[in-house]
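# Tertiary structure, described
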Amino acid sequence: MRVAVLGPGAIGSLFGGRLARSGVDVTLVGRPGDHVTALDRDGLRLTLPDGTTERVAVDVTTDPAGVGPVDVVLVCVKAYDTRSALADATSLLADAAVCTFQNGLGNPETIAEFVPESRVLAGTTSHGATLESPGHVRHAGVGDTAVGNYFTDTSETATALARALTDAGIDTDVVADAPRAVWEKVLVNVGINAATALAGVPNGRLADTDPGERVLRRAVEEAAAVAAADGVELTTDPVAAASRVARRTAENHSSMRQDLDRGRKTEIDALNGEIVSRGREHGIDTPVNETLTDLVRLAES
Ligand SMILES: NC(=O)c1ccc[n+]([C@@H]2O[C@H](COP(=O)([O-])OP(=O)(O)OC[C@H]3O[C@@H](n4cnc5c(N)ncnc54)[C@H](O)[C@@H]3O)[C@@H](O)[C@H]2O)c1
Ligand SMILES: CC(C)(CO)[C@@H](O)C(=O)[O-]
């Protein structure tokens, strides 16, 4: 299997580096900058969850046109970069299945603007990766990973990708209902990310304080109503699931908190913002998500 990783930041470098280390033919396709320069010059420095650091040789480029045909493209840019990244990389998409590992809603639909629906895969991962410095990524937390076809029945490519990732040390399940998997992850992020970013608290405060618990519950309940109207049948209680993740990651600063703290753009539009717009389409009021979205946009501005 030939793989391209579009957007070798934190999670893309982790997945690409693990695949390369296990012998898969993988090319990281990034934007020009210090990180790509360091990857090209020195390889990827990968600090593992046990604290040890290893160096992995990786093929990296900023020119998608030079990569040649691939079987799978893993999309690992932030949600707000999906469309422009794919538009810049159409040469990679001729025959490839395209798999998003991003958080948020709307990424598979954006990918389907570029390739037939039968080639759109969606993955979710609870692994945590942090870009420590150019060329250096820390595998901060181990978690579940799942992948499946988003619009059609499970393809051989989805199964082969799950096997390749599992062989590379990223245990990956194939899921028949990828939209549900994506939504279940979104419901966790909708409950945790904006609230922790705005309040400047670690995730655990949303499980162990009354105001935190209230904000998480209201945001997730609204979003679950939108999921149901979108035709998604949840198999777990989404409020309990989000609270469980908040407790399990109690000391973590959520990705959105880190983005706001560092003055970076957040993925609010693909998370709470998308709940608000889909809610409007379905005639469902989402005042808590609307307020969280407006406050994050205000903070970003
Ligand atoms: N980091 C994690 O632990 C983690 C875990 C699960 C899911 N995710 C999701 O994965 C996605 C990526 O997150 P991240 O933390 O790795 O972000 P990141 O900012 O570290 O990486 C994104 C990378 O994409 C690159 N990029 C942007 N536009 C590009 C383009 N046109 N062509 C090529 N590269 C381009 C950026 O330069 C950057 O290196 C997000 O949707 C995030 O929510 C991250
Ligand atoms: C699970 C999660 C909320 C933990 O911080 C993570 O997905 C994040 O920060 O985006």
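Residues numbered from 1 in each chain as written. Chains lettered and ligands numbered in written order. Predicted model: local features only at pLDDT ≥ 70, side-chain atom pairs only at ≥ 80, totals over all residues. Heavy atoms only, no water.

In the annotation of an unreviewed UniProt entry, the entry for the protein reads 2-dehydropantoate 2-reductase, and the organism field reads Salarchaeum japonicum. According to the UniProt record, the Pathway (unreviewed entry) comment for the protein reads "Cofactor biosynthesis; coenzyme A biosynthesis." For the record of the protein, the UniProt heading Sequence similarities (unreviewed entry) holds the text "Belongs to the ketopantoate reductase family." (UniProt positions renumbered as here; feature names shortened; annotations may be inferred.)

With that settled, consider the UniProt feature "domain: Ketopantoate reductase C-terminal" (unreviewed entry) in the protein. UniProt tags residues 180-299 as "domain: Ketopantoate reductase C-terminal" (unreviewed entry). With 72% helix and 0% strand, residues 180-299 has end C-alpha atoms that lie 31 Å from one another. (Helix = DSSP H or I, 4+ residues; strand = E, 2+ residues; numbered from the N terminus.)

Moving on: helix 8 (residues 210-229). For helix 8, with 20 residues, the first-to-last C-alpha span of 29 Å sits near the 28 Å given by 1.5 Å per residue. Contact partners of the buried residues in helix 8: helix 6 (178-199), helix 7 (205-208), helix 9 (238-248), helix 11 (272-282) and helix 12 (287-300). Count one or two residues on from helix 8 and you reach Gly231, which has phi positive near 90°. (Expected span 1.5 Å × (residues − 1). Contact = heavy atoms within 4.5 Å.)

What follows is about the site of ligand 1. Near ligand 1 lie 22 residues; those nearest to it are Ala10, Ile11, Asn103, Ala129 and Glu267. Separating an oxygen atom of ligand 1 from a backbone N or O atom of Ala10 is a distance of 3.0 Å. In this structure, an oxygen atom belonging to ligand 1 sits 2.7 Å away from a main-chain N or O atom of Ala129. Of all elements in the fold, only helix 1 (10-21), helix 3 (82-88) and strand 9 (128-133) reach the threshold of two or more residues within the shell around ligand 1. Class assignment of the residues belonging to the shell around ligand 1 gives a composition of 8 nonpolar, 8 polar and 6 charged. (Near = heavy atom within 4 Å. Polar contact = N/O pair within 3.5 Å; in protein donor to acceptor, adjacent residues only side chain to side chain. Nonpolar A, V, L, I, M, F, W, Y, C, P; charged D, E, K, R; others polar.)

What follows deals with the packing of helix 6 against helix 9. Running from N to C, helix 6 and helix 9 cross one another at 60°; their axes reach a closest spacing of 9 Å. By the angle between their directions, the pair helix 6 and helix 9 is classed as oblique. In this structure, helix 6 meets helix 9 at a crossing whose hand is right-handed. The segment helix 6 lies against helix 9, with Leu187, Val188 and Ile192 engaging Pro238, Ala241, Ala242, Val245 and Ala246. Across the contact of helix 6 with helix 9, the residue classes tally to 8 nonpolar, no polar and no charged. (Axes fitted to C-alpha atoms, helices over the stretch in contact; angles between N-to-C directions. Parallel < 35°, antiparallel > 145°, perpendicular 65-115°, else oblique. Left-handed = near helix turned anticlockwise from the far one by under 90°.)

A few words now on the packing of aromatic side chains. The relative placement of two aromatic rings is captured by the distance of their centres and the angle of their planes. As enumerated under the stated definition, the model contains 2 aromatic pairs in all. A ring pair is formed by Phe15 and Phe101, whose centres lie 5.0 Å apart and whose planes are at 70°; its orientation type is edge-to-face. On the criterion of sequence distance, the pair formed by Phe15 in helix 1 and Phe101 in the loop between strand 7 (97-100) and helix 4 (107-111) is long-range, its members being 86 residues apart. In terms of burial, Phe15 and Phe101 fall into one category: buried. (Phe/Tyr/Trp six-rings, centres within 6.5 Å; stacked < 30°, edge-to-face > 60°. Buried < 20%, exposed > 50% of the residue type's maximum accessible area, 1.4 Å probe, protein only.)

Another aspect to go through is the site of ligand 2. In the region of ligand 2, the neighbouring residues are Asn189, Asn193, Asn203, Val245, Ser254 and Ser255. A distance of 3.0 Å separates an oxygen atom of ligand 2 from a polar side-chain atom of Asn189. Here an oxygen atom of ligand 2 sits 2.9 Å away from a polar atom, N or O, in the side chain of Asn203. Computed on the free molecule, ligand 2 has an accessible area of 280 Å², of which 83% lies beneath the protein chains in the complex. A breakdown of the residues in the shell around ligand 2 according to their chemical character gives 1 nonpolar, 5 polar and no charged. (Areas by Shrake-Rupley, 256 points an atom, 1.4 Å probe, with all protein chains shown as cover.)

Enumeration over the complete set of coordinates arrives at 0 disulfides. The thiol of Cys76 is unpaired, and the distance to the nearest cysteine sulfur, on Cys99, comes to 8.2 Å. Using a relative accessible area of 11% as the deciding quantity, one classes Cys76 as buried. (Disulfide = S-S within 2.5 Å.)

Turning our eyes to something else, we now look at the side chain of Asn203. Summarising the element assignment, Asn203 is placed in the loop between helix 6 and helix 7. Among the residues examined, Asn203 registers a relative accessible area of 5% and is labelled buried. Looking at Asn203, its side chain comes within polar contact range of the main-chain nitrogen of Ser254, at 3.5 Å. Those residues in contact with Asn203 that sit more than four places away from it in its chain are Ile192, Thr196, Ala246, Thr249, Ala250, Asn252, His253 and Ser254.

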